[in-house]
There are 2 protein chains.
Amino acid sequence: MPLHRNRVTSRDVAKLAGVSRTTVSLVLNNVQGIQISPETRQKVIQAANELGYVPDAMAQALVSRRTKAIGLVLTRTHHHIATDAFLPKIISGLLTTAREHNIRILIDWVETQHQESAYFELARAKRIDGMILSTPRLDDAAIKALESAEVPTVMMGSIAGSMLPFVDVDNVQAAEKAAAYLVGLGHREIACISNAPPEYTAAPERVQGFRNALTKAGIAVNERLVCYADFTPESGYNCMKALLKSGERFTAAFVASDNVAIGAKAALREAGLRIPDDVSLMGFDDIPWAMYSDPPLTTIRLPAEALAQQACNLLLGLIQGKEHWENNHIILETELIVRKSCKARQ
Amino acid sequence: MPLHRNRVTSRDVAKLAGVSRTTVSLVLNNVQGIQISPETRQKVIQAANELGYVPDAMAQALVSRRTKAIGLVLTRTHHHIATDAFLPKIISGLLTTAREHNIRILIDWVETQHQESAYFELARAKRIDGMILSTPRLDDAAIKALESAEVPTVMMGSIAGSMLPFVDVDNVQAAEKAAAYLVGLGHREIACISNAPPEYTAAPERVQGFRNALTKAGIAVNERLVCYADFTPESGYNCMKALLKSGERFTAAFVASDNVAIGAKAALREAGLRIPDDVSLMGFDDIPWAMYSDPPLTTIRLPAEALAQQACNLLLGLIQGKEHWENNHIILETELIVRKSCKARQ
DNA sequence: ACGAGTTAGTAACACGTGTTAGTAGAAAAG
DNA sequence: CTTTTCTACTAACACGTGTTACTAACTCGT
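Summarised in this report is the structure supplied together with it. (Residues numbered from 1 in each chain as written. Chains lettered and ligands numbered in written order. Predicted model: local features only at pLDDT ≥ 70, side-chain atom pairs only at ≥ 80, totals over all residues.)

Considerations on the protein's contact with DNA strand D
Then, number 1: Near DNA strand D lie 25 residues; those nearest to it are Thr9(A), Ser10(A), Ser20(B), Thr23(B) and Ser37(B).
Then, number 2: Among the secondary structure elements, those contributing two or more residues to the surface near DNA strand D are α2 (21–28) and α4 (57–64) of chain A together with α2 (21–28) and α4 (57–64) of chain B.
Then, number 3: For the surface near DNA strand D, the element with the most residues is α4(A), which contributes 5 residues.
Then, number 4: The class makeup of the residues in the surface near DNA strand D is 9 nonpolar, 13 polar and 3 charged. (Near = placed C-beta within 6 Å. Helix = DSSP H or I, 4+ residues; strand = E, 2+ residues; numbered from the N terminus. Nonpolar A, V, L, I, M, F, W, Y, C, P; charged D, E, K, R; others polar.)

Below, the structure written as structure tokens:
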């Protein structure tokens, strides 16, 4: 008698069907190029259904060297994750694509301190077949380690000087599009608040796009109007506060993250400034809140779910060895969403 | 020579240290009540470090019957997940607690169609040791199945008529607190927009709390001012639109979800109504956006991260068999956060 | 009738670990 | 000197599956 009454193994199915365990495996996995009589097939399937047999995923993983799970690795602090308005879309996109391939998603989190080691813990333990790194911030050593590691990895967001596969948007071009729109409305004194600290590559890229737009229009960039936020509404609030306090004059602001723009907007309101009458406000990301903001936020739409889906597909290709390990770069398009937070300069 | 060059097993460690595989296991797992000489211990640890040995999680899981992973099961549609402003906090709370116990989190998603079977797929395959159900919506059959199943389960949000362990707030009392605050401000015609359809138990509970507050104040509930939204800002927008169109008069609105309130607020603004001067608006949840809303939203704070952490701890206790399977109910406190979206009736 | 091929299935190994039962050798006890 | 106890370790099994190599029995062409 079995120790755990309610644990059904393939041996139990074999016994009930009156065949060998091998046959059970061959039938249930529908192995091609092997001859099993239709009656036996039927008996096995019948027995499996009767017992409610579900193969043990761990045992399958052990022998097949495939866990059928991928890791989503978040590389931010506790607090950043909790306030990330973008995460649900990433997860939603990942879930839909993963389900199509019958793959599970394991979510983990790397504190910046233990970066180098922690990245590999899951993969080395063969808990996952590959991983997706979200908004990575890596030093050269970590990049090298990842490149030489055996674990398939895809980044959401690119990193300068790395040949690792990634899925991203063209941050420079997107930000340039945003800033150019403000310039086109006649603004010449434009503030810029980044989405994140410069270590996160998307941040300097978006600021660069902002610079490009101004430079192309023959406008000198006022460095005192450029400021780096830190993902959260709080940081946006603080940045905008500091900007207002500095006394520098500006008629528009480009905030490279809607989430940060939430805070920046609150600071403007506190200062008694109206949007867009006194200051035009341009966001970035198009999080769900943006269209319901007051006024509805003009922003750059980042295809978050598509990004996640592409990353997932790319990773699955890598795992199956279909794609090359290097030079797999996918760039998705962004879109300027004009709403009501920007207005031509009087 | 090994097939996969870069795969290090305990056998390799044993060979290098000149001991048996058993000894390696005993040393590295620090098994108590067994005698191993300090020199041998040192040799093993040295060898393991040298080779960068990491035990195979799947093999460990197979033999120990513990995967050291728990499942977070989301029970909503694709679109609801993507726009859920609450999810990041849940995940953040789960990640921190899980990390303390060296547990991984597997995230999965159950479409309402395949409910009954899909719930168990992960657990039956022994991919996870237990699961957390988020905002469950279950029929009686599914509850029965869960209660009789062998897989430890904790719900975030309770279900009427179920003895399953859960972590929740007192929705009735919290909503009553919110509505009573509006009543206290002198409002008598108050609209109510739920957070979700009635099938999700929190929705009718919050509406009930709303009713209680009015009844206790001797105010008759106008059923035409009660309306059920569907998690998203869109649904809140539509509800509020319908309410305005109905011609029923109201001076305040209780929206049982900040996320829904985002949309409701947009509809009010579109109608030219000012908050709080024309209509007072009360939310529920205190998502990060709430305090930066314009005006800052008065709401009920749901301790999202604490909820997730408690659920995680409860589940881990269940898995270790320390707690009883039934009658494990944790209720956390809510808090009325007064900001500026509500105002005394003129 | 007889080797060759086909059909329908099975025994046995591998995956990498945790753990129980057991064993040499040394020390202690009688 | 023998017996017992203790130390420090190891051989062997178990977990549940996928897969390769093998084998009886059966068919078929000559």
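Anyway, onward from the coordinates.
Digging into the sheet that holds strand β9 (residues 280–282) of chain B
Residue and element names in this part refer to chain B.
Then, number 1: Read from one edge to the other, the open sheet built from 4 strands follows the order β7-β6-β8-β9, with strand pairing classed as parallel. Two strands close off the open sheet at either side, each with one partner strand: β7 (226–227) and β9.
Then, number 2: As defined by bridge partners, strand β8 (residues 252–255) adjoins β9 across 3 bridges and the pair is classed as parallel. Bridged to alanine 253 within β9 is leucine 281.
Then, number 3: Where helix α11 (residues 233–246) meets the sheet, its contacts fall on β6 (190–193), β7 and β8, and the angle it forms with β6 comes to roughly 150 degrees. (Pairing = 2+ DSSP bridges. Contact = placed C-beta atoms within 7 Å. Axes fitted to C-alpha atoms, helices over the stretch in contact; angles between N-to-C directions.)

Quick look at the sheet that holds strand β4 (residues 153–156) of chain B
In a beta sheet, neighbouring strands pair by backbone hydrogen bonds and run either parallel or antiparallel.
Then, number 1: Read from one edge to the other, the open sheet built from 12 strands follows the order β11(A)-β5(A)-β4(A)-β3(A)-β1(A)-β2(A)-β2(B)-β1(B)-β3(B)-β4(B)-β5(B)-β11(B), with strand pairing classed as mixed. At either end of the open sheet lies a strand with only one pairing partner, and these are β11 (329–332) of chain A together with β11 (329–332) of chain B. Here the strands of the sheet are splayed against their neighbours by 20 degrees on average, with no regard to which way each runs.
Then, number 2: Sheet strands touched by helix α13 (residues 304–319) of chain A: β1 (69–74), β3 (130–134), β4 (153–156), β5 (166–169) and β11 of chain A. Its angle to β4(A), the strand with the most contacts, is close to 165 degrees.
Then, number 3: Taken strand by strand, helix α13 (residues 304–319) of chain B contacts β1 (69–74), β3 (130–134), β4, β5 (166–169) and β11 of chain B, and its axis lies near 165 degrees from that of β4(B).

Topic: unusual backbone geometry
Then, number 1: Cis geometry marks the peptide bond from Ile275(A) to Pro276(A); its omega dihedral reads 0 degrees.
Then, number 2: Here Pro276(A) shows up in the loop between α12 (258–270) and β9 (280–282).
Then, number 3: Notably, Asp286(A) is not glycine yet its phi reads approximately 60 degrees, a positive angle.
Then, number 4: Within the secondary structure, Asp286(A) is located in the loop between β9 and β10 (299–301).
Then, number 5: A positive phi angle, close to 55 degrees, is found at Lys68(B), a residue other than glycine.
Then, number 6: You can see Lys68(B) is positioned in the loop between α4 and β1.
Then, number 7: With 18 C-beta atoms counted inside 10 Å, the residue Lys68(B) sits in the partly exposed group. (Buried ≥ 20, exposed ≤ 12 C-beta atoms within 10 Å, placed from the backbone.)

Some points on the packing of α2(B) against helix α3 (residues 38–51) of chain B
All names here are of chain B.
Then, number 1: Interaxial distance between α2 and α3 falls to 10 Å at its minimum, and their mutual angle equals 90 degrees. Between α2 and α3, the angle falls in the class roughly perpendicular. Contacts from Thr23, Val24, Val27 and Leu28 in α2 reach Thr40, Arg41, Val44, Ile45 and Ala48 in α3.
Then, number 2: Partitioned by chemical class, the residues of the contact of α2 with α3 number 6 nonpolar, 2 polar and 1 charged. (Parallel < 35°, antiparallel > 145°, perpendicular 65-115°, else oblique.)

Details of the packing of helix α6 (residues 87–100) of chain A against helix α6 (residues 87–100) of chain B
Then, number 1: The N-to-C vectors of α6(A) and α6(B) enclose an angle of 80 degrees; their axes lie 8 Å apart at closest approach. Our classification of the angle between α6(A) and α6(B) gives roughly perpendicular. Packed against α6(A), whose contacting residues are Leu87(A), Pro88(A) and Ile91(A), the element α6(B) presents Leu87(B), Pro88(B) and Ile91(B) at the interface.

Focus on the relation of the copies chain A and chain B
Then, number 1: Mapping chain A onto chain B leaves a residual RMSD of 0.0 Å; the transformation is a rotation of 180 degrees accompanied by 0.0 Å of translation along its axis. What the superposition gives is, in effect, a two-fold axis relating one chain to the other. When each C-alpha of chain A is compared by its distance to the rotation axis, Leu106(A) comes out closest, at 2.1 Å. (Least-squares fit on C-alpha atoms with pLDDT ≥ 70 in both.)

Side note on the environment of Gly184(A)
Then, number 1: Of note, Gly184(A) is situated in helix α9 (residues 171–184).
Then, number 2: Along the chain, Gly184(A) and Thr135(A) lie 49 residues apart, while their C-alpha atoms are 31 Å from each other.

Observations concerning the protein's contact with DNA strand C
Then, number 1: Around DNA strand C, the surrounding shell holds 27 residues, and the nearest of these are Ser20(A), Thr23(A), Val63(A), Thr9(B) and Ser10(B).
Then, number 2: For the surface near DNA strand C, the secondary structure elements donating two or more residues are α2 and α4 of chain A together with α2 and α4 of chain B.
Then, number 3: Looking at the surface near DNA strand C element by element, the count peaks at 5 residues for α4(B).
Then, number 4: Its residues assigned to classes, the surface near DNA strand C shows 11 nonpolar, 13 polar and 3 charged.

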